[in-house]
Amino acid sequence: GAVVSQHPSRVICKSGTSVKIECRSLDFQATTMFWYRQFPKQSLMLMATSNEGSKATYEQGVEKDKFLINHASLTLSTLTVTSAHPEDSSFYICSARQGTGELFFGEGSRLTVL
Amino acid sequence: GNSVTQMEGPVTLSEEAFLTINCTYTATGYPSLFWYVQYPGEGLQLLLKATKADDKGSNKGFEATYRKETTSFHLEKGSVQVSDSAVYFCALLFTGGGNKLTFGTGTQLKVEL
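Quantities reported herein were computed from a predicted structural model and do not represent experimental measurements.

Student: I keep staring at the sheet that holds strand β8 (residues 76–81) of chain A and nothing clicks. Help me out?
Tutor: Backbone hydrogen bonds hold the strands of a sheet together, and the pairing may be parallel or antiparallel. All names here are of chain A. Here we have four strands laid out as an open sheet, ordered β1-β3-β8-β7, and antiparallel in their pairing. Two strands close off the open sheet at either side, each with one partner strand: β1 (4–7) and β7 (67–73). Strand-to-strand, the axes of this sheet are offset by a mean angle of 15 degrees, without reference to chain direction.

Here you go:
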């Protein structure tokens, strides 16, 4: 099946710093990618929909200035957590939609903010 | 709004035991229903899906039937293996709603020898 890769898989940063997470579709072009956040023992919560060449669409309650999303090419979307705080510590997952409409997920990135 | 409720885990079974993971949903209209599986250290993978009432999705020995009358999509397997140990997510999708998946909380399955 199609492959979506996230990097880094784990990151630890100090409070107040910014962290960038990359999501790449390795063998297909994705005009649409999605970013999710997962808390322990909770479901994946959709944060935003990333469309290539246009601004991301954020879900209600998600701060767009806090979670910057850039989808500059058909194979890469990035999520930047700005001025990170301990409450931003979470598991972030991306997915990319293939031309058939099927979604493929990355392995996830665990962010720990100290 | 739309929501998915899954049974809490972890579920621990012996190899060759029968598996059921319950999933019920709340939605307006008729969504498509999915089961995703996440093996340790990997991303979510589509396991099976059903797009309309009474459809049965199946893959790798797993089955789930779209039951409109009970708004359920329970996952079953007749004989689990150690390699089935993973986290299983039930999800629903409305194609008219921006193709956004709504997930359940996930159920961890542990299969022991």
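Having seen the structure, we can now continue with the description.
Student: Looking at this structure, I do not really get the interface of chain A and chain B. What am I missing?
Tutor: Of the residues lining the interface, 18 residues belong to chain A; the matching set on chain B comes to 15 residues. Of the roughly 1200 Å² buried where chain A meets chain B, counting both sides, 60% is carbon and sulfur surface. Looking only at chain A, the three residues that lose the most surface to chain B are Ser43, Leu44 and Phe105 of chain A, adding up to 34% of its buried area. If you look at where chain A meets chain B, you find zero salt bridges. The interface formed by chain A and chain B includes zero residue pairs in polar contact (both at pLDDT 80 or more). Breaking the side of chain A that touches chain B down by element, the ones donating at least two residues are β4 (32–38), β5 (44–51), β9 (90–97) and β10 (103–105) of chain A. For the side of chain A that touches chain B, the residue count by class is eight nonpolar, five polar and five charged.

Reading the values: rules and limits
Residues numbered from 1 in each chain as written. Chains lettered and ligands numbered in written order. Predicted model: local features only at pLDDT ≥ 70, side-chain atom pairs only at ≥ 80, totals over all residues. Heavy atoms only, no water. Pairing = 2+ DSSP bridges. Helix = DSSP H or I, 4+ residues; strand = E, 2+ residues; numbered from the N terminus. Axes fitted to C-alpha atoms, helices over the stretch in contact; angles between N-to-C directions. Contact = heavy atoms within 4.5 Å. Buried area = accessible area lost by both parts, 1.4 Å probe. Salt bridge = Lys/Arg side-chain N within 4 Å of Asp/Glu carboxyl O. Polar contact = N/O pair within 3.5 Å; in protein donor to acceptor, adjacent residues only side chain to side chain. Nonpolar A, V, L, I, M, F, W, Y, C, P; charged D, E, K, R; others polar.

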